[in-house]
Amino acid sequence: MRTPRRAARTVVLAPDGAVFLLRSDNVEVGVHWTMPGGGIEAGESPAEGARRELWEETGWTDLAPGPLLCTWEHDFTWHGIPVRQHEHVFLTSGPRRGPLGDVSAAHAADRILGWRWWTPADLADEHAEALWPPQLPELLAAVRGNPAHLTAGAAVHLGYVPNSGP
């Protein structure tokens, strides 16, 4: 039985269409790329959790989650505990830059191996390492250039997405 867990993430989209992703490692999926985020703490809304996690993993205090892009569920093991994680993924715009300050402790705790900006062409590369969620390129293609069209009812609900790990 998997423990339910809630999480929130923020897709940061640069003016040139690139997206900021973190390279992580997980026993079920292996090395993969995902946006900044993590578990929602007691008393936090998904947006509050996404903002806190964005700050902890990037040092960026000037960005806040915008509209909800999607929700999805997936299974993985977190510090030895099997979980089924329900994620809220928000979208925001920001400048193309690296993490600010010392985020090494947060990266070590979350098994974050690195970061980079992915162009639309990078996201479309069928030989690229795994993305979480796997539908990220399609989700971003639908909003790139016009993220303001997202409204509360426009978020995509991906449902449960099985791992396609090593």
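Above this note sits the structure.
Residues numbered from 1 in each chain as written. Predicted model: local features only at pLDDT ≥ 70, side-chain atom pairs only at ≥ 80, totals over all residues. Heavy atoms only, no water.

Some details on the nonpolar core
Residues V11, V19, L21, L69 and L140 are the most contacted members of the largest nonpolar core, which totals 23 residues. Of all the elements in the fold, those that place two or more residues in this core are β1 (3-13), β2 (19-26), β5 (68-78), β6 (81-93) and α4 (136-143). Beyond its immediate stretch of four places on either side in the chain, L140 contacts V11, V19, L69, L91 and L123. One finds A14, L22, W60 and L63 within the second-largest nonpolar core, a separate group that totals 10 residues. (Core = buried A, V, L, I, M, F, W, Y, C linked by side-chain atoms within 4.5 Å. Buried < 20%, exposed > 50% of the residue type's maximum accessible area, 1.4 Å probe, protein only. Helix = DSSP H or I, 4+ residues; strand = E, 2+ residues; numbered from the N terminus. Contact = heavy atoms within 4.5 Å.)

Examining the pattern of salt bridges
One pass over the full model with this rule turns up 12 salt bridges. Its salt-bridge partner being E129, residue R23 comes within 2.7 Å of it at the nearest N-O pair. Taken together, the positions of R23 in strand β2 and E129 in the loop between α3 (120-124) and β8 (130-131) put the pair 106 residues apart, joining distant regions of the chain. Notably, a salt bridge pairs D25 with R111, separated by 3.2 Å at the nearest N-O pair. Linking D25 in strand β2 with R111 in the loop between α2 (104-109) and β7 (112-118), this pair joins segments that are 86 residues apart in sequence. D25 gets classed as partly exposed once you look at its relative accessible area, which sits at 25%. Residue R111 is classed as partly exposed on the basis of its relative accessible area of 44%. (Salt bridge = Lys/Arg side-chain N within 4 Å of Asp/Glu carboxyl O.)

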